[in-house]
Every structure is written in C-alpha cells, then in structure tokens.
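Residue strings, one per chain:
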Amino acid sequence: MPTLRGFGCPMEKGNLNMSTNTVTDLSTVEWQALKSVSHSQHGTVYSGDNKGTASTDTPGLGKTVVSYDYNPDTETAVFTVKEKPDSVPAEVIWFALGGTIAHVSGAGASSK
C-alpha cells in the first residue's frame, strides 16, 4: 500500500523549493493511474513519463507546478512543489496527492 512520507520544510513565500514529499510502495500500475486520474479530475499536465513536472491550473487560484521523479525499480516517487498560488498552503497539495494515491491504490494513504 503506498505511503506518503514527510512534508519537508514549511512553505513560505520565497521558499518554494523546500516542500518535498516522497511516496513509497507505489507500483507502476498505481503510478500510471495516479497520472491518469489527476489529469482527468484536475487537468494536470505531465511533462514526462517518470520524471518531469506536473502542472495544474486552478481557475480563480492560479497555477501549481510540482516536479516528480518516479523510480519503478524502488516503487518510489519524489515530489517537490516548484510553484503554487500564495493562497494555497503546501499541505493542501499534499492532501490532494494523498487522496489521489488512496483512490488509485484502493486503500487509505498514510502520512508519516
């Protein structure tokens, strides 16, 4: 069952590259489903297959850009918030990611 680990440093204005999260035990099937669900539900656009950036435009709020690096051998994905609206706390982004992971894995995601 995938697990969302760590919130990195708190995000402050001017400290955007400090919010990183790692997801473990994420199978290749779940990784592909995560990308598919986030695209269909949120319009997220991925720049690459296993490494790149995921961009989501939220009407009325703005653009969120998260870099990702998925390693299918270790079933681990590392996400880092690169850009987000000032009004959206990083925790909201991680909550949404955790919810999507729980959806595609068929189980609740835990955060440690």
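Here, the structure is the one placed above.
Notes on the structure follow. Note that this is a predicted model, so its numbers are computed, not measured.

A few words now on the side chain of Thr100. Of note, Thr100 is situated in helix 2 (residues 90-105). Those residues in contact with Thr100, other than ones at most four positions away along the chain, are Leu34, Val37 and His42.

Once that is clear, we can look at the packing of aromatic side chains. What the rule picks out here adds up to four aromatic pairs. A centroid spacing of 5.5 Å and a plane angle of 50° characterise the contact between Trp31 and Tyr68, whose relative ring orientation is tilted. You can see Trp31 sitting in helix 1 (residues 28-42) and its partner Tyr68 sitting in strand 5 (residues 62-71), a full 37 residues away along the chain. Each of the two residues, Trp31 as well as Tyr68, counts as buried. Arranged with centres 4.8 Å apart and planes meeting at 10°, the rings of Trp31 and Tyr70 form a pair that is stacked. Of this pair, Trp31 sits in helix 1 while Tyr70 sits in strand 5, and the two are 39 residues apart along the sequence. In this structure Trp31 comes out as buried when scored by relative accessible area, which is 0%. When its relative accessible area of 3% is taken as the criterion, Tyr70 is described as buried. Chaining the aromatic ring pairs together yields one cluster made of Trp31, Tyr46, Tyr68, Tyr70 and Phe79. Here Lys35 stacks its cationic end above the ring of Tyr46, 5.7 Å away from the centre of that ring.

Turning next to the pattern of salt bridges. Side chains that differ in sign of charge can pair as their charged atoms come close. One pass over the structure, following the stated rule, counts one salt bridge. The residue Lys35 makes a salt bridge to Asp49 at a minimum N-O spacing of 3.2 Å. You can see Lys35 sitting in helix 1 and its partner Asp49 sitting in the loop between strand 3 (45-46) and strand 4 (51-58), a full 14 residues away along the chain. Among the residues examined, Lys35 registers a relative accessible area of 10% and is labelled buried. The exposure class of Asp49 is partly exposed, given its relative accessible area of 46%.

By secondary structure assignment, the location of Thr44 is in the loop between helix 1 and strand 3. In this structure the C-alpha to C-alpha distance between Thr44 and Thr58, which are 14 residues apart in sequence, comes to 9.6 Å. Excluding residues within four positions of it along the chain, Thr44 makes contact with Ser38, His39, Ala54, Ser55 and Thr56.

Reading guide: rules and limits
- Starting from 1, residues in each chain are numbered consecutively following that chain's sequence as written.
- Given that the model is predicted, a residue must reach a pLDDT of at least 70 before its local features are reported, and side-chain atom pairs must reach 80 or more before they are shown or counted; all residues, however, enter totals for whole chains, interfaces and linings.
- Just so you know, side-chain values use all the structure's heavy atoms and leave hydrogens and water out.
- In this text, helices come from DSSP runs of H or I with a minimum length of four residues, and strands from runs of E with a minimum of two, each type numbered from the N-terminal end.
- Residues are treated as being in contact if the distance between any of their heavy atoms lies within 4.5 Å.
- When the centres of two rings from Phe, Tyr and Trp lie within 6.5 Å, Trp using its six-membered ring, the rings pair. Their planes under 30 degrees apart give stacked, over 60 give edge-to-face, and anything left gives tilted.
- For each residue, the accessible area found with a 1.4 Å probe, counting protein chains only, is set against the maximum for its type, and the residue is called buried under 20%, exposed over 50%, and partly exposed in between.
- Any Lys NZ or Arg CZ found within 6 Å of a ring centre and within 35 degrees of that ring's normal is scored as a charge over the ring.
- Here, a salt bridge means any side-chain nitrogen of Lys or Arg that lies within 4 Å of a carboxyl oxygen of Asp or Glu.

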